[in-house]
Every structure is written in structure tokens, then in C-alpha cells.
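The lines below spell out each chain.
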Amino acid sequence: LSADERAEAGALAPELRQLRDAVTGGARELPALEAAALEGLRARGWAPDYLSVRRQRDLLAPEPAEITAGLPLVVLGAARLGSTRLIDNLEFHA
């Protein structure tokens, strides 16, 4: 990573936290939330592969009832910044 890219690299984790916070705050439209997070990174010059909310146990998309029930979830993210691919995740309960 270049110096500018190193300074920007920290932007992935806040996008994951924003997704988590939306879900824990009651949002259930996961595809729309994920698309907004992807666009947020693209606007900053990233090339995101995915930002997704998934069930921890099998990494499948959770059903709305599973989110409401407090199922263990994870936000997964992978994106390129320059020539470097950064990957992060954040586990939580809705």
C-alpha cells in the first residue's frame, strides 16, 4: 500500500460497523444495506468484492426471523485498495 492507501485502509472497518449497527438498530433490508455499503467504498476509490451480513454457523444469508431472534451473525468484507485486497469481518448478535 502507498502512504495514501495506508491512510485510507482503515475505512473498511467502519463500513462493517455501519452495517452491523443498521442491523442491530432494526434494519432488515440486507441487500439494500449491503449495496449502500459497497457504494460507500466505491465512492472512496475502493473496488469492493463484497460486504455481506451472514449467519455465523454456515455463512448463508439470514432470514428476517433469525435476525429478530438474535442469531449470531457476521459482517464479511473484502475489497481492493490499489493492488492490495483487504479482508475483514465483524461478529455480532442482532
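Residues numbered from 1 in each chain as written. Predicted model: local features only at pLDDT ≥ 70, side-chain atom pairs only at ≥ 80, totals over all residues. Heavy atoms only, no water.

Some thoughts on the pairing of strand β2 (residues 72-81)
The two faces of a sheet get side chains in turn, since along a regular strand they alternate between them. Counting buried residues in β2 gives 8 out of 10 residues, a clear majority hidden from the surface. In this sheet, β2 lies alongside strand β1 (residues 47-55) in antiparallel orientation, the contact comprising 8 bridges. Bridge pairing in β2 places V53 opposite V75. Strand direction decides the pairing type here: β2 and strand β3 (residues 84-93), joined by 10 bridges, are antiparallel. (Buried < 20%, exposed > 50% of the residue type's maximum accessible area, 1.4 Å probe, protein only. Helix = DSSP H or I, 4+ residues; strand = E, 2+ residues; numbered from the N terminus. Pairing = 2+ DSSP bridges.)

Looking at unusual backbone geometry
Of note in the backbone geometry, L59 takes a positive phi value of approximately 60° without being a glycine. Inspection of the secondary structure puts L59 in the loop between β1 and α4 (64-68). L59 gets classed as partly exposed once you look at its relative accessible area, which sits at 47%.

A short note on the sheet that holds β1
Strand order in the open sheet formed by 3 strands is β1-β2-β3, and the pairing between neighbours is antiparallel. Each end of this open sheet is capped by a strand with a single partner; those strands are β1 and β3. Across the sheet, the mean angle from the axis of one strand to that of its neighbour is 10°, orientation sign disregarded. Helix-sheet contacts for helix α2 (residues 12-24) involve β1, β2 and β3, and the interaxial angle to β3 is about 25°. The strands that helix α3 (residues 30-43) touches are β1 and β2; relative to β1, the one it contacts most, it runs at about 150°. (Axes fitted to C-alpha atoms, helices over the stretch in contact; angles between N-to-C directions. Contact = heavy atoms within 4.5 Å.)

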